[in-house]
Amino acid sequence: AKAARRNAYRFFEPDMSVQVKTRMTLDVALRHALRRNEFALHFQPRINLQTLEISGMEALLRWKHPEFGTVPPAEFIGIAEESGLIETIGMWALEEACMQGAALMRRLGRPLRISVNVSARQLQAPDFADRVSAALRAGAMDAQLLELELTESTLIEDLDRSASLLKELKALGVAIAVDDFGTGYSNLAYLRRFPLDVLKLDRSFLVQQDEGISNVAFIKAFVDMAHALGLAVVAEGVESPEVLEFLCRTACDEGQGYLFAEPMPVDAVEAYLSAWLAGALP
Ligand code: C2E
Ligand code: CA
Ligand code: CA
Ligand code: CA
């Protein structure tokens with residue numbers, strides 16, 4: 001038994017240190033990433049399910065490291081949150097989304113809602129609302145067209161802080177979306193407390209099962225409840241025509257997913273939008 005334990009330990013240890021090393025390496029690399037211009041934003045269109053028009057797009061961070069290649073957000077956002085780097089990286093994403101989004105709208109001559117993800121750590125900055133305001137000004141971006149996506153856990157971490165901050169953001173004219181709704185607490189009580197605009201239904205609800213779409217009853221009830229509270233519902237991860245058809249039937253307001261488009265660099269999303277405006281897309 002002793003030998004087995006020793007073997008297990010020896011087997012486990014190098015693996016651990018590789019993980020720790022990778023984290024440290026990524027952490028160090030992240031510190032230089034902004035200055036070295038390694039970040040980019042990709043944009044994923046969001047579709048109005050009643051009109052099938054493009055209503056806006058979500059800005060998603062991409063990190064391209066010269067050696068590691070493209071590191072997915074799932075791997076670096078957490079590290080950036082722990083080290084606090086998310087404050088500057090998140091600010092960069094917000095400023096860049098305002099700047100690129102507003103410029104794209106001017107070129108297309110059409111308003112689009114731009115959604116930006118915000119981490120809990122960013123909200124802790126006492127001047128967060130001022131920073132949002134500054135980003136809007138720097139990008140010459142209409143506040144009404146900016147939407148900030150916050151997760152449930154971010155919102156309920158500090159209820160009083162969230163309530164007062166959301167009030168400040170609403171005063172700027174910015175819209176607030178709850179991201180990944182349904183994955184965490186799904187505590188409906190707080191929804192009434194906050195001035196929210198949009199609920200983004202997590203894509204885990206749209207996972208197809210053998211007998212069709214799972215959670216049908218839940219999604220229907222959810223959409224009705226959101227509408228009763230005056231909130232719009234956006235479904236994430238729409239990948240199939242069956243799911244799209246189902247969402248239209250349940251009166252879900254908007255959808256986002258690979259069925260419509262993947263996240264794309266700004267020039268590609270501009271081409272996509274131009275083609276769509278010219279009627280070249282189905
Ligand atoms: P999220 O905010 O829930 O973003 C949606 C994720 O789902 C994106 O992954 C998107 O590429 C992916 N997705 C979109 N449509 C589909 C689909 O039809 N099927 C599937 N399977 N996936 C789809 P991505 O870009 O890898 O981002 C992962 C997460 O990283 C985001 O999840 C968000 O939590 C975080 N993140 C990304 N950019 C930022 C940022 O600028 N700031 C912060 N704080 N977090 C960010
Ligand atoms: Ca999001
Ligand atoms: Ca989400
Ligand atoms: Ca997420």
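It should be noted that the structure appears before, not after, this text.
A few points on the structure. It should be emphasised that the depicted structure is a prediction, and the values quoted were computed from it without experimental measurement.

Concerning the side chain of Gln 256
Part 1 of the reasoning: Mapped onto the elements of the fold, Gln 256 is located in the loop between strand E11 (254-255) and helix H11 (266-277).
Part 2 of the reasoning: At a separation of 2.8 Å, a polar atom in the side chain of Gln 256 contacts the side chain of Gln 44.
Part 3 of the reasoning: Here the side chain of Gln 256 touches Lys 200 through a polar contact of 2.8 Å, side chain to side chain.
Part 4 of the reasoning: In this view, Gln 256 contacts Gln 44, Pro 45, Arg 46, Glu 58, Lys 200, Val 234, Ala 235, Glu 236, Gly 237 and Val 238; residues no more than four positions away in its chain are not counted.

Describing the coordination of the calcium ion (ligand 4)
Part 1 of the reasoning: With distances of 2.6 to 3.1 Å, the protein atoms coordinating the calcium ion (ligand 4) are Asp 180 (OD) and Asp 180 (OD).
Part 2 of the reasoning: The two metals, the calcium ion (ligand 4) and the calcium ion (ligand 2), are separated by 5.9 Å.

Here we look at the packing of helix H3 (residues 86-108) against helix H5 (residues 128-139)
When two helices pack together, their arrangement is given by the angle between the helix axes and the distance between those axes.
Part 1 of the reasoning: The contact between H3 and H5 brings their axes to 8 Å, and the two run at 35°. Like other packed secondary-structure pairs, H3 and H5 cross with a definite hand, here right-handed. Contacts between H3 and H5 involve Glu 87, Met 91, Leu 94, Glu 95, Cys 98, Met 99, Ala 102 and Arg 106 from the first element and Arg 131, Val 132, Ala 135, Leu 136, Ala 138 and Gly 139 from the second.
Part 2 of the reasoning: By residue class, the composition of the contact of H3 with H5 is 9 nonpolar, 1 polar and 4 charged.

Focus: the environment of Phe 128
Part 1 of the reasoning: For Phe 128, the position within the fold is in helix H5.
Part 2 of the reasoning: Look at Phe 128 and you get buried, because its relative accessible area is 1%.
Part 3 of the reasoning: Spatially, the C-alpha atoms of Phe 128 and Val 207 are 36 Å apart, while their sequence positions differ by 79 residues.
Part 4 of the reasoning: Leaving out residues up to four positions away in the same chain, Phe 128 has contacts with Val 118, Gln 122, Leu 123, Leu 148, Leu 165 and Leu 169.

Regarding the packing of aromatic side chains
Part 1 of the reasoning: Per the counting criterion, the structure on display carries 5 aromatic pairs.
Part 2 of the reasoning: Aromatic side chains Phe 39 and Phe 76 sit 5.9 Å apart centroid to centroid with 45° between the ring planes, which places their arrangement in the tilted category. With a gap of 37 residues between them, Phe 39 in strand E1 (residues 39-48) and Phe 76 in helix H2 (residues 73-83) connect regions that are remote in the sequence. Note on accessibility: Phe 39 and Phe 76 belong to one class, buried.
Part 3 of the reasoning: When the centroid spacing of 5.5 Å and the interplanar angle of 80° are considered together, the rings of Trp 63 and Phe 76 count as edge-to-face. Here Trp 63 is found in strand E2 (residues 54-65), whereas its partner Phe 76 is found in helix H2, with 13 residues between them in sequence.
Part 4 of the reasoning: Given the relative accessible area of 1%, Phe 76 is considered buried.
Part 5 of the reasoning: Taken together, the ring pairs in this structure connect Phe 39, Trp 63, Phe 76 and Trp 92 into an aromatic cluster.

Cut-offs and rules
Residues numbered from 1 in each chain as written. Chains lettered and ligands numbered in written order. Predicted model: local features only at pLDDT ≥ 70, side-chain atom pairs only at ≥ 80, totals over all residues. Heavy atoms only, no water. Helix = DSSP H or I, 4+ residues; strand = E, 2+ residues; numbered from the N terminus. Polar contact = N/O pair within 3.5 Å; in protein donor to acceptor, adjacent residues only side chain to side chain. Contact = heavy atoms within 4.5 Å. Donors = N, O, S within 2.8 Å, 3.2 Å for Na, K, Ca; no water. Axes fitted to C-alpha atoms, helices over the stretch in contact; angles between N-to-C directions. Left-handed = near helix turned anticlockwise from the far one by under 90°. Nonpolar A, V, L, I, M, F, W, Y, C, P; charged D, E, K, R; others polar. Buried < 20%, exposed > 50% of the residue type's maximum accessible area, 1.4 Å probe, protein only. Phe/Tyr/Trp six-rings, centres within 6.5 Å; stacked < 30°, edge-to-face > 60°.

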